[in-house]
Amino acid sequence: MKLFARSSYSCLLKLFFSVSCKLFFFPQTSLASTVSDPTPHHAPCYVDDTFAALRESVGDDGELASSSFTLFGVCAVPDSPSGSVLLELAQETSRNQRRGLEVLHPTGVLVTEEDDRGALELTFDLPQSPLLRLSHVLLLAFQSPPKGEDLEVTFSSPSLQPHTQSVCISAETQYTLLTGNASDASSGQKWRISVEAKSPDLKQNLKDILIGEKSGSSINVTPLLLFSGGTETSRVSGSTPSSSQTFSFLCELRRFLCEVLPQNHPESPQLQLDSLQSMPYLSLGLSSSETLLAGLINSSSTTVFSFSRWGSMLQVHHGQLALSPSLLEELRQRVEQFGMQIMEVIGGKEVGSRAKERLGRLKELSALPKTEPGAGENQYRAFLLLKALQTVARSYELQIGLRTTRAGSTNPARGNVCGLRSLTVSLEKHLVGPNTAVINNCRGSCAFPMLNTNNHAVLLNSHIESGNVDERAPCCVPVAYEALEVVDLNEHGTYLSVKPDVVARECGCR
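These numbers come from a predicted model, not from an experiment.

## Let's talk about the nonpolar core
Generally speaking, a soluble globular protein has its nonpolar side chains buried in company with each other.
Consideration 1: In this structure, Phe256 and Leu331 are the most contacted members of the largest nonpolar core, which totals 41 residues.
Consideration 2: Of all the elements in the fold, those that place two or more residues in this core are helix H5 (245–260), helix H6 (290–297), helix H7 (325–347), helix H8 (355–365), helix H9 (377–407) and strand E19 (476–490).
Consideration 3: Excluding anything up to four places from it in sequence, Leu331 contacts Ile297, Leu323, Leu368, Gln379, Ala382, Phe383 and Leu386.
Consideration 4: Counting residues in each nonpolar core, the second largest holds 32 residues, with Phe142, Leu178, Val195 and Leu202 among its members.

## Remarks on the sheet that holds strand E17 (residues 436–438)
Consideration 1: Read from one edge to the other, the open sheet built from three strands follows the order E11-E15-E17, with strand pairing classed as mixed. Looking at which strands have only one partner, the edges of the open sheet turn out to be strand E11 (270–271) and E17.
Consideration 2: Relative to strand E15 (residues 424–427), E11 runs parallel, the two sharing two bridges. Bridge pairing in E15 places Gln270 opposite Ser426.

## Re the pattern of salt bridges
When their charged atoms lie close together, side chains carrying opposite charge are able to pair.
Consideration 1: Per the stated rule, a full pass over the model turns up 17 salt bridges.
Consideration 2: Between Arg255 and Asp48 there is a salt bridge, and its shortest N-O distance comes to 3.0 Å. Placement of the pair is Arg255 in helix H5 and Asp48 in helix H1 (residues 46–55), with a sequence separation of 207 residues.
Consideration 3: Residue classification places Arg255 among the buried residues on the basis of a relative accessible area of 5%.
Consideration 4: For Glu252, the salt bridge goes to Arg361, with nearest N and O atoms at 3.1 Å. Taken together, the residues Glu252 in helix H5 and Arg361 in helix H8 connect sequence positions 109 residues apart. Assigned by exposure class, Glu252 and Arg361 land together as buried.
Consideration 5: Put simply, Asp48, Asp49, Arg55, Glu56, Glu252, Arg254, Arg255, Glu259, Arg358 and Arg361 are held in one network by salt bridges that share partners.

Conventions used here
Residues numbered from 1 in each chain as written. Predicted model: local features only at pLDDT ≥ 70, side-chain atom pairs only at ≥ 80, totals over all residues. Heavy atoms only, no water. Core = buried A, V, L, I, M, F, W, Y, C linked by side-chain atoms within 4.5 Å. Buried < 20%, exposed > 50% of the residue type's maximum accessible area, 1.4 Å probe, protein only. Helix = DSSP H or I, 4+ residues; strand = E, 2+ residues; numbered from the N terminus. Contact = heavy atoms within 4.5 Å. Pairing = 2+ DSSP bridges. Salt bridge = Lys/Arg side-chain N within 4 Å of Asp/Glu carboxyl O.

The structure is reproduced here in structure tokens:
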């Protein structure tokens, strides 16, 4: 089906991590402001996440969910052409999981300010590609959410069809839709698109959205071209390679974890995992020992998944395990057990509406054949899924345990007694997920009666209560910890590092 063979086409935009093309942003002049990033460094899941957002914009009835119009910047007008194209694209993506759709990354972007009428101009440098002969969609991704008043924005260019189109941007808009023209030439070229707020008073708001509020930092949009009807022979170096099932699994895993676990607060300092003491790195692969894998399968430690290197190699990331039949059956049972447990938990929680669907897709991508399940990627994906489910289960267990502890401290005399409190810290954002860790902390009084203490603290407390106030009083501190496990995926394979003594498990007065 020629999905975009009509008079208007779509431009979508989506942000996942700090995604950027080769961007140019020159020092402030009378004509332009520019910032440059000489190396394209798309987040690995950028394209996969975009297709997932399209797929999930369709409701159970096959129509667009009401929130999708705001999400994609479609103005609320009857029979909107961009709304029709969005629906067709979303339905096609939902049916075919992006098969038959090609992507191409522009090699550069320039934002200039037009002095004559105060509009902004976007200039896209395009690589040479036969894909440009096809009808296309131009995707622009915001690198930070839109702020300020809602905007109705006009995009104008001979490269668009129709030449003038409107987009409505609000704080909930993560994408925007424009419709594009096919090109007769396959050689590299430039596209220039004029952008103007319909209300002249909101020109600065538009500038902040496209360039970012901090002038000189970066351009706030990321372009991506989407084509329908491409063939294998039309693939070129500028297009995105086919992703492996394992890569799609990893992107789906990140989306699932982001939905069911707490996320970074934008202003929270991000802690680097490399700063933590670590046990020796262990390789996860066909040569991994049975003892190591059995211990990991039965471990309840929190696990985070890290992309230590950004690059196209992750598009074709492969990992394999070779489990014995008995350990493989244990893995299968534990995935099923934790999967049912998590389904029950998220069913009663106010988590994202797509969490169950995403978990279902993860189970499909990691399904273990019941007959002759040989060594391979399915075992690897099932193992990673189990570690993720254990992390989610552990997170909810800690929340329930802490709530129970607080509920048991209704006696005012015991309400401030030394005990475990929840503490969530932000981790570096270059993770599949989760990008936070609940490490807990100990707070409360160590005055009589003291809980979980030792003889030194008892005698020290008695000594101070006798009037010797110059000594340090007993402190409420962690006395037992759990480790944090980090699964690191890079160009050399998959590695596990254990960071000991990260999560406070028990408190005492010392």
